[in-house]
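The primary structure of each chain is shown beneath.
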Amino acid sequence: MDTSEIKIPSNIDLADNDFGIPGEIDLLIGCELFFELLRPNQLRSPCEKWLLQETVFGYIVVGSSDKFEEKSYCGLAINSEINSDSLNQQLRAFWEIETVDESSKEYSLEEETSETQYQNTHYRNEEGRYVVQLPFKKDPNCLDDLLKCSNNYTKLLHILSYIFRFIKNCRNPSVKRSGKLHYSEVNEAELWLIKNLQTSAFKEEIDAL
């Protein structure tokens, strides 16, 4: 590492004059002692990337450099008496422990439906985000729940109209509707309500057609 850019003042003593050269670690200091070693004086280098912090051992240099070559290493320490077959077995056992086995998992009907929904509808948009359509439950009692909200026909139509508006605003947020209900919205809700009431009340007759 080139330490010339740091420009350390000549009137300070460094804790390690060879801090720019990688070497063996002499001591690991825990957090319970680390802050007791610090002193209040700090100096900032001209390039603003480096900070010289005073400690009981002298000044230490803290900062970052664009000239570092980043490398990643992965090492495995083994006993020389272990043969290759035994090592392979141990490594395989390690990965088998870490692997989540879902082949034997039993999914409920809702979980299977959700998984199918995800597989069939998910995609990645231009921003790199994953998009998936939410699965909606087909509750046969939703009409009954709606009718329990009120015995006022006009109020029911308004409730249903606002539900339809909310769904449309979620599906197409660029043209959201707000304010008072439009006649077309109420008419759409009324047609849906009449159709579903007829389907529920005259199911046998409709199936016989």
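A short tour of the structure in this document, coming up. Just so it is clear, the structure is predicted and the values come from calculations on it, not from any experiment.

The rules behind these values
Residues numbered from 1 in each chain as written. Predicted model: local features only at pLDDT ≥ 70, side-chain atom pairs only at ≥ 80, totals over all residues. Heavy atoms only, no water. Helix = DSSP H or I, 4+ residues; strand = E, 2+ residues; numbered from the N terminus. Buried < 20%, exposed > 50% of the residue type's maximum accessible area, 1.4 Å probe, protein only. Contact = heavy atoms within 4.5 Å. Patch = residues over 30% accessible without salt bridge, like charges linked within 9 Å, V, L, I, M, F, W, Y side chains within 5 Å. Areas by Shrake-Rupley, 256 points an atom, 1.4 Å probe, with all protein chains shown as cover. Salt bridge = Lys/Arg side-chain N within 4 Å of Asp/Glu carboxyl O. Axes fitted to C-alpha atoms, helices over the stretch in contact; angles between N-to-C directions. Parallel < 35°, antiparallel > 145°, perpendicular 65-115°, else oblique. Nonpolar A, V, L, I, M, F, W, Y, C, P; charged D, E, K, R; others polar. Core = buried A, V, L, I, M, F, W, Y, C linked by side-chain atoms within 4.5 Å. Expected span 1.5 Å × (residues − 1). Arc of directions from axis to C-beta.

1. Re the overall build of the protein chain
At step 1: Looking only at helices and strands, one finds seven helices and five strands in the protein chain.
At step 2: From first element to last, N terminus to C terminus, the protein chain shows the α and β order α-β-β-β-α-α-β-β-α-α-α-α.
At step 3: Looking at the protein chain as a whole, 15% of its 209 residues are labelled buried.
At step 4: Considering only intrachain contacts with a sequence separation of at least 6, the fraction spanning at least 24 residues in the protein chain is 37%.

2. A closer look at a nonpolar patch on the surface
At step 1: On the surface, a nonpolar cluster with roughly 720 Å² of combined accessible area is contributed by L27, I29, L33, F34, F35, V56 and F57.
At step 2: Tracing the sequence through the fold places I29 in the segment before α1 (31–34).

3. Observations regarding the packing of helix α5 (residues 153–171) against helix α6 (residues 183–201)
Between two packed helices, the angle of one axis relative to the other and the distance separating the axes together describe the packing.
At step 1: Contact geometry for α5 and α6: axes closest at 8 Å, N-to-C directions at 105°. Here α5 lies roughly perpendicular to α6, going by the angle between them. Here Y153, L157, H158, L160, S161, F164, R165 and K168 of α5 come into contact with α6, specifically with E185, V186, E188, A189, E190, W192, L193 and I194.
At step 2: Among the residues forming the contact of α5 with α6, the class breakdown is nine nonpolar, two polar and five charged.

4. Examining the nonpolar core
At step 1: In this structure, L143, L146, L156, L157, L160, F164, V186, A189 and L193 together form the largest nonpolar core, which totals nine residues.
At step 2: Elements with a minimum of two residues in this core: α4 (142–147), α5 and α6.
At step 3: Per-element tally for this core: the top contributor is α5, with four residues.
At step 4: A189 has contacts with L157, L160, S161 and F164, leaving out every residue within four places of it along the chain.
At step 5: I12, L14, W50 and Y59 belong to the second largest nonpolar core, which has seven residues in total.

5. Looking at the environment of L143
At step 1: When you line up the elements, L143 lands in helix α4.
At step 2: Take L143: its relative accessible area is 9%, and that puts it in the buried class.
At step 3: Separated by 53 residues in the primary sequence, L143 and N196 place their C-alpha atoms 7.8 Å from one another.
At step 4: The residues touching L143, leaving out its near neighbours within four places in the chain, are W192, L193, N196 and L197.

6. A closer look at α6
At step 1: Its 19 residues place the ends of α6 27 Å apart at the C-alpha level, agreeing with the 27 Å of an ideal helix rising 1.5 Å per residue.
At step 2: Residues of α6 that are buried include every one of E185, V186, A189 and L193, and no others. Buried residues of α6, viewed axially, fall in a sector of 95°; they line one side. In α6, the exposed positions that point more than 90 degrees away from the buried face belong to Y183, L191 and K195.

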